[in-house]
Amino acid sequence: MSYIDRVKIVVPLKDVKELKYGAFTHINDGRKHPTHVPVMIVNKKWDVLIIDISIPRSLFNNTLEESSPKEFPKIVGIIQKYAKSYGIYIPSYCITGAAVWYAEFGKNMPLSCKYNMANLLSRLGKSLALRKNWLGKVWYFNNQGSTGLKVCVRNQEREICFYDKTTKELVSSGEYNRSNQQVFQKLLEQGYQVLRYEVKFFNHGVMKRVCAKYGQMARFDSIWESGFVEQLLADNWKEIEGGIPPIRSRKQGLIKSIQAAVFNGVKLKDIIVKFGLDYLERELGSTLLKQVLLPIEIRKQSKSQEASYSDLQKRRRAVNGKFKTKKGYVLQKISQYIGDMMPIRLKPETDYIEGVK
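Residues numbered from 1 in each chain as written. Predicted model: local features only at pLDDT ≥ 70, side-chain atom pairs only at ≥ 80, totals over all residues. Heavy atoms only, no water.

(A) A look at the overall build of the protein chain. The helix and strand inventory of the protein chain stands at 15 helices and twelve strands. Counting over 357 residues, the protein chain shows a buried share of 47%. A sequence separation of at least 24 residues applies to 69% of the contacts in the protein chain between residues at least 6 apart. Working note: accessible area of the protein chain is about 18800 Å², and carbon and sulfur atoms make up 53% of it. Each charge class in the protein chain was averaged separately, 59 positive and 34 negative side chains, and the resulting centres sit 5 Å apart. (Helix = DSSP H or I, 4+ residues; strand = E, 2+ residues; numbered from the N terminus. Buried < 20%, exposed > 50% of the residue type's maximum accessible area, 1.4 Å probe, protein only. Contact = heavy atoms within 4.5 Å. Areas by Shrake-Rupley, 256 points an atom, 1.4 Å probe, with all protein chains shown as cover. Lys, Arg positive; Asp, Glu negative; His and termini not counted. Charge placed at Lys NZ, Arg CZ, Asp CG, Glu CD.)

(B) Geometry of the pattern of salt bridges. Across all of its chains, the model carries 20 salt bridges by this definition. Across the salt bridge formed by Glu-159 and Lys-200, the nearest N and O atoms sit 3.5 Å from each other. Remark: Lys-200 occurs in strand 10 (residues 192–201) and Glu-159 occurs in strand 9 (residues 158–164); sequence separation between them is 41 residues. Its relative accessible area of 2% is what places Glu-159 among the buried residues. Its relative accessible area of 12% is what places Lys-200 among the buried residues. Between Glu-169 and Lys-165 there is a salt bridge whose closest N-O contact spans 3.0 Å. Pair noted here: Glu-169 and Lys-165 are both in helix 6 (residues 165–171), with a separation of four residues, about one helical turn. For Glu-169, a relative accessible area of 4% corresponds to the buried category. Given the relative accessible area of 2%, Lys-165 is considered buried. Three or more residues joined by partner-sharing salt bridges are found here, namely Asp-5, Lys-150, Arg-154, Glu-159, Arg-196, Glu-198 and Lys-200. (Salt bridge = Lys/Arg side-chain N within 4 Å of Asp/Glu carboxyl O.)

(C) Highlighting empty space enclosed by the protein. Tallied over the entire structure, the rule returns one cavity of 30 Å³ or more. Roughly 60 Å³ of internal volume is contained in the largest cavity. Taken together, Tyr-3, Ile-4, Asp-5, Pro-56, Thr-63, Glu-65, Glu-66, Ser-67, Gly-106, Asn-108 and Arg-196 make up the lining of the largest cavity. Residue composition of the lining of the largest cavity, grouped by class: three nonpolar, four polar and four charged. (1 Å grid on protein atoms, 1.4 Å probe; cavity = no way out; pocket = protein on both sides within 12 Å on 5 of 7 lines; lining within 4 Å. Points joined across faces, edges and corners; volume = space filled by probe spheres on them. Nonpolar A, V, L, I, M, F, W, Y, C, P; charged D, E, K, R; others polar.)

(D) Region of interest: a nonpolar patch on the surface. On the surface, a nonpolar cluster with roughly 430 Å² of combined accessible area is contributed by Tyr-279, Leu-280, Leu-284, Leu-288 and Val-292. Put simply, the parts of the chain that give the nonpolar patch at least two residues each are helix 11 (268–284) and helix 12 (286–293). At three residues, the largest contribution of residues to the nonpolar patch is made by helix 11. Summarising the element assignment, Leu-284 is placed in helix 11. (Patch = residues over 30% accessible without salt bridge, like charges linked within 9 Å, V, L, I, M, F, W, Y side chains within 5 Å.)

(E) Structural view of helix 11. The end-to-end C-alpha separation of helix 11 is 24 Å, in line with the 24 Å expected for 17 residues at 1.5 Å each. Within helix 11 the residues assigned to the buried category are Asp-270, Ile-271, Val-273, Lys-274, Leu-277, Asp-278 and Glu-281. Each buried residue of helix 11 sits inside an arc of 165° when the element is viewed along its axis, so together they form one side. Turned more than 90 degrees from where helix 11 packs its buried face, Leu-268, Ile-272 and Glu-283 sit exposed. (Expected span 1.5 Å × (residues − 1). Arc of directions from axis to C-beta.)

(F) Broad picture of the packing of aromatic side chains. Applying the stated criterion to the full structure yields 13 aromatic pairs. With a centroid separation of 5.2 Å and 50° between ring planes, the pair formed by Phe-72 and Trp-224 is classed as tilted. Of the two residues, Phe-72 sits in helix 3 (residues 72–85) while Trp-224 sits in the loop between helix 8 (204–213) and helix 9 (228–241), which places them 152 residues apart along the sequence. Its relative accessible area of 11% is what places Phe-72 among the buried residues. Plain terms: the ring middles of Phe-105 and Phe-228 are 5.9 Å apart, the flat faces sit at 85° to each other, and that makes the pair edge-to-face. Residue Phe-105 is located in strand 6 (residues 99–112), and its partner Phe-228 is located in helix 9; the two are separated by 123 residues in the primary sequence. Judged by its relative accessible area of 0%, Phe-105 falls in the buried class. Each member of the aromatic cluster is reached from another via a ring pair, and the members are Phe-105, Phe-201, Tyr-214 and Phe-228. For Lys-274, the ring lying beneath its charged end belongs to Phe-275, and the centroid distance is 5.7 Å. (Phe/Tyr/Trp six-rings, centres within 6.5 Å; stacked < 30°, edge-to-face > 60°. Lys NZ or Arg CZ within 6 Å of the ring centre and 35° of its normal.)

Below is the structure:
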């Protein structure tokens, strides 16, 4: 499955034909974000046509359902049809081979409303803090009292985030979002709230590096290849999952975890190193902890302390697998969604939702 949400692709102007005079000038209708139709902008500096498209809105008129590779020709047709309505012709091969400048990949995960979304996102946020990037936390709300939360970690090239998608969609007041709101409202009435897991890439350079890692090219057709996005999301989740703190720090659970490690042959000093580092990173975040333990003055004087800190982290990673920490049922659900990667699809005639775990 493709699991692409929003993507920006570029087609060189030399490959695009104006069917009527001034078409390049008028194709930009002032919208900043795509709805059920793309946003197209001519960039004279780079001599390209930028096509910004929301894949699920274009295909399904909502952002809950998820596309598959077999729908790629339909997306190409939608782009061509919209461009033609403004007097512009884009050959299909130019769209399929277009360079990707921006992409959002992710998975929608309907969870039972009995789970506290804010608490879940708080735990996920603590794990993201270990990724050593800028950590963000955003609340969004409306005047009816609906509140949602997004937690993310990002740098200039990429962002990894989780957010309460149900609330995000329901608080959006745009007329274009009306049918989308109905889908999420109906899902909510059936007892489901949606957690969104998403990885974003902000420029073509990082897209090229990431795609190359998985044996793909940073082209529109390549990122629809089966298995590419699934592996990308699974690899990032594996790192995140390992740093999620337990729901509550019970003495009995801690004792069992330590006992299991002792019987697995973990040395006492390694046990202390692991739990000490885990606690400090949860409280301060890994970046701040490193700044506190290794201030610039110390690092300038000697590299030995920095090397010691690195050795402690390596030692912890080496023994992590010998500690058994219960993560909770809801996290098992998330892992199941990401492992199975079944697309979410609606069956209006029966109210059945495919792909819900």
